[in-house]
Amino acid sequence: MLFAIISQDVEDSLAARLEARPAHVERLKALDAQHRLTLAGPHPHASEEGFTGSLVVAEFADLATAQAWAAEDPYVAAGVYAQVTVKPFKQAFPAQG
């Protein structure tokens, strides 16, 4: 089942993001290599440098597994995220065969 992991950054998160980014990206690459990653990326500030959060949509066995994976994100350990929400996601478009 697909799950959306929606994360909101703390204020002034850019320095911590940059430091933790290599480890964060490696985890996403591992999901992608397992063909479980649908999409991932940050939410940039509309008018300034930096980011306001991130979105990951990936396949997990269940909600508890998705929540555990999200809790182990290097951005969580680095204090980048103020809040992380994990919920089921149903992809409507583009249609999946």
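Parameters and conventions
Residues numbered from 1 in each chain as written. Predicted model: local features only at pLDDT ≥ 70, side-chain atom pairs only at ≥ 80, totals over all residues. Heavy atoms only, no water. Core = buried A, V, L, I, M, F, W, Y, C linked by side-chain atoms within 4.5 Å. Buried < 20%, exposed > 50% of the residue type's maximum accessible area, 1.4 Å probe, protein only. Helix = DSSP H or I, 4+ residues; strand = E, 2+ residues; numbered from the N terminus. Contact = heavy atoms within 4.5 Å. Phe/Tyr/Trp six-rings, centres within 6.5 Å; stacked < 30°, edge-to-face > 60°. Lys NZ or Arg CZ within 6 Å of the ring centre and 35° of its normal.

## Brief notes about the nonpolar core
So, point 1. Membership of the largest hydrophobic core is limited to 11 residues, which are Phe-3, Ile-5, Leu-28, Leu-31, Val-56, Ala-58, Phe-60, Ala-66, Trp-69, Ala-70 and Val-86.
So, point 2. With three residues, the single largest contributor to this core is helix H2 (residues 63-71).
So, point 3. Dropping the residues within four chain positions of it, Val-56 is found in contact with Phe-3, Ala-4, Ile-5, Leu-28, Leu-37, Leu-39, Ala-40 and Trp-69.

## Here we look at the packing of aromatic side chains
So, point 1. Using the criterion set out here, one finds two aromatic pairs in the structure.
So, point 2. Centre to centre, the rings of Phe-60 and Trp-69 are 5.6 Å apart; their planes meet at 50°, and the pair counts as tilted. Judged on exposure class, the residue Phe-60 and its partner Trp-69 are both buried.
So, point 3. Plain terms: the ring middles of Tyr-75 and Tyr-81 are 5.6 Å apart, the flat faces sit at 85° to each other, and that makes the pair edge-to-face. This pair shows no difference in class: Tyr-75 is buried, exactly as Tyr-81 is.
So, point 4. Above the ring of Trp-69, the side-chain terminus of Arg-27 is found at 4.0 Å from the ring centroid.

Taken by themselves, the reported measurements are silent on function.
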